[in-house]
Structure formats: structure tokens, C-alpha cells
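# Descriptive analysis of the structure
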Amino acid sequence: MPYLNVLSRISLPCHFLLSNFIAAVPPHHCDIRGIEDGGLFGNLTFNQKVIVGIPTERDGAPSSCLMFTNPQYQYLFSSNTSEETYPVKCQNGWVYDKSIFRSTLATEWDLVCNKKWMNKATATVFFIGVMTGAPLFGYLSDREKSCAVLSNVFDKTVKFGRRPLLLVSYLSSLTFAILSAVSTSFVMFAIMRFLTGISLAGISIISIALNIEWCSTKHRTFSGIIISLDWTLGNWLLVGIAYGINEWRTLILAATSPLILAVMVWRWLPESARWLIANGKAEAAQYYMMKCAKMNKGSKGLTTIIPEALLESVESEREGKKFTVADLFKTPNMRKLAICTGIVWFGVAFTYYGITLNISGFGLNPHLTQFIFASIEMPMKIAVYFSLEKLGRRRCEVTALLATSLLLFINIFVSKEKWLIRTIVGVLGKSTSEASFTIMYLYTTELYPTVVRQNGLGYTAFLARLGVSVSPLVVLSEEAWHLLPACIYCAVALGSGVIASLLPETLDAQLPEFIEDIEKTRKQSVRREEIQSNMHDDLLPTLSA
């Protein structure tokens, strides 16, 4: 299962972190060709023209947004002249440094100076799309109602569920990503990125639930960490592609290409047997179980399990019942779980992307910074795997969030001139933030029962993407106080860590199937545990490995 999902999941970081490159703002200044005076100015070198045509900032660098209407030749001899000058906003556009990026959104549509908020908003628009798509795909993939159109395309035994909606996500993501790459205006690009975000949300939440639901209790941690390595691989892939392609349109197409292979291998992905049983589709569940068991040479124990036996774990009054996001808040324990996981997910995503989307704040080449950020993930996830097995989910999640908050707090007091120290502390903060993200993905799938697991993942993903949508805009608050963004990220990580301590532990616990399992502290019927044991022993270990 994990190796089939990897092709689609590596495209997630390629798009989620794409703004670091397509929305990069290279060094720029006003185009001063319009101040030609027909005399001395035309004989100056380029650097001399910049000196007499553009005022300087406090650090001595040329202004990015101001220019002189007439050449100020006195600055050729002294920058401390007492003669009063009156700079104005750029009159004829901008000139961009193309040594690193040949073309970005900023250079394409001049999204700088008074339009720089539009450049920042591109990431926000994308994540609002992800935020919108998360509950939509979560709701649909938990449904088992027939659809006339889909029934002609998908397996007739499965109407909605995980598998068909995953293909819908693949195809729609490909379509809207291509359309965004050929956008002829900023408005068209923003709309296409929004729709791409909606589509990718389906891949994000459905693939991980499908993976975890095919795993036995003892292999869940391993499988959860393995699937999270897809993000690391995708991160490395993005750095490599972005280093070789410095034109934003081509970069989008290259970052989307893994989805073509994902569509090709979709036919071999099995539907979730847990979801099928929970929705009364015992024959389809047995079909996929036997098919997977034969692949793993472990079908002997499953021959005694008939569809009627599988359905014994489903209470008759649940037949035909449709679960929605509202069911997450109807009962006390479920409501507490939904509120706490929602808050924690908001904080985890808000902090993670606050660090990840600010790669220019460490004083290094953006490709190098992104590569360092990606490389630290691998050893961190290995450490997370062993920690989860020894310490449990809750303790590890709380520790990761509090450590992130502490490291962000330390970096507040490190000046930008000490870029090496800032980078080291920032990378450590990124690694602990990544750890909290990895743990929370696994933790959330274990907390929610099967009948509302996709609804739960959709709901938490909605709040997570709400945090991500706000996160890039927080950087704009530095105009009020340059340390305000760091203080906000630090406080949110701290608060999320405190709330995470209220969640129940799930280490070595059976996955809950129904909401009643949450209200009864996860007690399950003896017969259901017996069936799950047969499934796990004969089928799932090899799938997880």
C-alpha cells in the first residue's frame, strides 16, 4: 500500500511548498531608463545610473520601490550631500535580478511594493482551496451512496468510499495544475491554484486514511512514518526540479508530473476493507481481503471468514446511517476529541508553514535552505518512529510542539547578522515542527472511528489549512514590529502543545470502528477483535512492511 501511494503523495510537497520558488521575489529596483536627459546620464555605467537614479535604504542598498525623476549627479561624489531630494514611486516598472529566478509570479505581474500582498496571497489562496477541499473529500469518501455517473467508471461494488474519490483527486489536480501553468492573468492563476488546492486535499487525507486502515495495530506506527517519508522525498524532488527549472510555468508542470504515474497505478489500489465492513459491504470487503492476502501468501486463515461473519461486527441499527461532520460534535467524548484535535492541527500547520515558507529569512540561497530543511526531516522521522514506540503519541506530540515554541523563542533574540546561528536554530525548529506534523497525521487517524474517520480528517485538515492560509500573511505584520511574526508563531506552538496534552493515548490500541467505541473508551466486541486479529495476522503485516 505505501509504495503505491508514494507517487501521488510526493506531489503534495511539490505543490504545498511551491510558493517558495514560483512566488519568490528577486532583488529589484525601479526601471530608470525613463529619466534619460540626453546628456551625461546616457554615458554613465549601469552602477552609476543606479546611484544617481535610485535613493538608498538605511542599509545602503538601492530602494526597491522609489526613484528620482531627475538624475542626482551629486551622489556620484558623496552619499552625504545636504541637497534635498524628492524620490517618487516607480514610474516605469521594475528591473529584476534574474541570476537565480528567470521568471516568477512577482516578475510576471510586478507583484512588488504596493502589490507585494498579492504575491503573499497566492499561497493563502491555494491553502484556502485545500481548506475547502478537505471537508468535501472527507465527507464524500465516507459516503456509500450510489452515484449514477461514477458507477459507470468505478468498481460496481464501491460507490463512493476512499478509492474512487482518490482517482477524482488525481485527475482534477492534474487538470487545474496545468491550467494554472498556462494562466494569462493573475486572477486566472489565483482561481486555478484555488481549485488545485481543493483537488490536492483529497489526495492528502484519503491516501493516509487508506494506508492506516489496511495496517495492523503493531504495524501502524511503522506504516504511518513510512508514508510520511513521501513528504521528504517530494521535498527533495521539488528542490531538484526548482534548481534545474527557474521559470515558474514550467516548474508547475514538472512538479505535477508524478500524478500521471499515480493515475496509471490507481487500478491496483484496494478499497479500505474497514470502510466496506463498516458500511455493510461485506462481499466487497472479503474480495479485497482475499486479493491482498493472496499477494502476501496469507489467505489460509481468511477462508473461514464469510461475509456474514464480517457483518457481525456491525450493529443492525447502523445500516443505512450516513455520518457527517455534525456527528463529530453530538456526543461528549467525540466533541472533546474534535475540538482538541482541531486546535492542535491549526497550531501545527500554522507553525510548520510559518517556518517553511520563510526560507528567505535565513540569509542563504533559497534552494540550499530548502534542501537543508528537507534533509533534516529524514533523521527526525527515524527518531520519531522509535520515540512513538517507546513514549506514545501524546507525549511525543506535546514535546515536539513545546520544543518548536522554545526554538522560535530563542531565534527572536538572534540578530540577522548572525545568519549561521539563526539557520541552525531555524533548522532545529523546522525539524521539531516537522515531527509534530508527522506524529499528528498518524495520531489523528488512530483517534477517529472508521465511520467518521474521513470526516474527522477532513475537519482537522480544514482547520489545519486555515492555519496555513493565515500563516504567510502573518509575515506582513513585521511592518508594525519586526519581531511580531516570530512572537505569534511561538505563542501558537506553545498553546497547541498545551491542548495536545488533553488528547487520549492510542499506542497499541485497536482502531475504533464506531462513535460508540469513543464514548465507551474504545471497548470493542469480542467477535470484532477476533475477526480483526485474523485479518491482521494473515493479511496486513506484509502490506505494512
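In this text, all values refer to a predicted model and were calculated from it rather than measured experimentally.

### Things to note about the packing of helix H16 (residues 332–356) against helix H19 (residues 393–412)
Relative orientation of the contacting elements H16 and H19 amounts to 40°, with a least axis distance of 12 Å. Accordingly, the angle class assigned to the pair H16 and H19 is oblique. Considering the relative orientation of H16 and H19, their crossing is left-handed. Contact residues: H16 offers Val 344, Val 348, Thr 351 and Ile 355, while H19 offers Glu 397, Leu 401, Thr 404 and Leu 408.

### Some remarks on the packing of aromatic side chains
Counted by the stated rule, this structure contains 21 aromatic pairs. With centroids separated by 5.0 Å and ring planes inclined at 70°, the aromatic side chains of Trp 345 and Tyr 441 adopt a geometry described as edge-to-face. Residue Trp 345 is found in helix H16, and its partner Tyr 441 is found in helix H20 (residues 419–447); the two are separated by 96 residues along the sequence. You can call Trp 345 buried: its relative accessible area is 4%. For Tyr 441, a relative accessible area of 15% translates into the label buried. Here Tyr 352 and Phe 437 contribute two aromatic rings whose centre-to-centre distance is 5.0 Å and whose plane-to-plane angle is 65°, an arrangement assigned as edge-to-face. With Tyr 352 in helix H16 and Phe 437 in helix H20, this residue pair connects regions lying 85 residues apart in the sequence. The pair Tyr 352 / Phe 437 is uniform in exposure class, with both members buried. One aromatic cluster in this structure is built from Phe 16, Phe 126, Phe 127, Trp 231, Trp 345, Tyr 352, Tyr 353, Phe 437 and Tyr 441.

### Some words on the side chain of Thr 122
With respect to the element layout, Thr 122 can be found in helix H6 (residues 116–141). Those residues in contact with Thr 122 that sit more than four places away from it in its chain are Ser 19, Ala 23, Leu 105, Phe 186 and Phe 189.

### Side note on the UniProt feature "transmembrane region" (unreviewed entry) in the chain
Mapped onto this numbering, the UniProt entry annotates "transmembrane region" (unreviewed entry) at residues 165–188, 194–212, 224–245, 251–269, 337–355 and 398–414. Measuring from the first to the last C-alpha atom of residues 165–188 gives 26 Å, for a span that is 83% helix and 0% strand.

Parameters at a glance
Residues numbered from 1 in each chain as written. Predicted model: local features only at pLDDT ≥ 70, side-chain atom pairs only at ≥ 80, totals over all residues. Heavy atoms only, no water. Axes fitted to C-alpha atoms, helices over the stretch in contact; angles between N-to-C directions. Helix = DSSP H or I, 4+ residues; strand = E, 2+ residues; numbered from the N terminus. Parallel < 35°, antiparallel > 145°, perpendicular 65-115°, else oblique. Left-handed = near helix turned anticlockwise from the far one by under 90°. Contact = heavy atoms within 4.5 Å. Phe/Tyr/Trp six-rings, centres within 6.5 Å; stacked < 30°, edge-to-face > 60°. Buried < 20%, exposed > 50% of the residue type's maximum accessible area, 1.4 Å probe, protein only. UniProt positions renumbered as here; feature names shortened; annotations may be inferred.

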